[in-house]
Amino acid sequence: KKIKEEKDASEAKYKFCQVDDRKEQVGNFRVEPPGLFRGRGEHPKMGMWKRRVMPEDVTINIGEDAEVPECPIPCHRWGR
């Protein structure tokens, strides 16, 4: 139970965003790790390798005049 509370506290700043002066819940903010794509049923990409998602592959949807947050990984920056 303590682990869950720590996890929720660390994720709290990513769960909500500000849209037109309203607090909205974000649908999904996690990225899957690289690995084999499993799919469901007879998916054509089943068994193919999923590559690692880098910060340059992620587009942050913020206002035009908003400041882009700093990327936590050195020598990388968020995509446009």
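That block above? That's the structure.
Residues numbered from 1 in each chain as written. Predicted model: local features only at pLDDT ≥ 70, side-chain atom pairs only at ≥ 80, totals over all residues. Heavy atoms only, no water.

## Notes on the overall build of the protein
And step 1. Across its full length, the protein carries one helix and four strands.
And step 2. Traced from its N-terminal end to its C-terminal end, the protein shows the element sequence α-β-β-β-β.
And step 3. By the compact-globule yardstick of 12 Å for 80 residues, the protein is too spread out, its C-alpha radius of gyration being 17 Å.
And step 4. Dimensions along the principal axes, computed over C-alpha positions, put the protein at roughly 45 × 40 × 30 Å.
And step 5. Expressed as a percentage of the 80 residues in the protein, the buried residues total 6%.
And step 6. Long-range pairs, those at least 24 residues apart, make up 2% of the contacts in the protein between residues at least 6 apart in sequence. (Helix = DSSP H or I, 4+ residues; strand = E, 2+ residues; numbered from the N terminus. Rg over C-alpha atoms; globule rule 2.2 N^0.38 Å. Buried < 20%, exposed > 50% of the residue type's maximum accessible area, 1.4 Å probe, protein only. Contact = heavy atoms within 4.5 Å.)

## Section: the pairing of strand β2 (residues 22-25)
And step 1. Where strand β1 (residues 16-19) meets β2, four bridges bridge the pair, whose relative direction is antiparallel. By the bridge assignment, Val-19 is partnered in β2 with Arg-22.
And step 2. The turn linking β1 back onto β2 is made up of two residues, and Asp-20 within it adopts a positive phi angle of 50°. (Pairing = 2+ DSSP bridges.)

## What to know about the layout of surface pockets
And step 1. By volume, the largest pocket is sized at about 860 Å³.
And step 2. Lining the largest pocket are 22 residues; nearest its centre among them are Tyr-14, Phe-29, Val-58, Ile-60 and Trp-78.
And step 3. Those elements giving two or more residues to the lining of the largest pocket turn out to be α1 (2-15) and β1.
And step 4. Looking at the lining of the largest pocket, its residues break down into 17 nonpolar, three polar and two charged.
And step 5. Forming the walls of the second largest pocket are Thr-59, Ile-60, Ile-62, Val-68, Pro-69, Glu-70, Cys-71, Arg-77, Trp-78, Gly-79 and Arg-80.
And step 6. For the lining of the second largest pocket, the class distribution of residues is six nonpolar, two polar and three charged. (1 Å grid on protein atoms, 1.4 Å probe; cavity = no way out; pocket = protein on both sides within 12 Å on 5 of 7 lines; lining within 4 Å. Points joined across faces, edges and corners; volume = space filled by probe spheres on them. Nonpolar A, V, L, I, M, F, W, Y, C, P; charged D, E, K, R; others polar.)

Shape descriptors only; they carry no functional weight alone.
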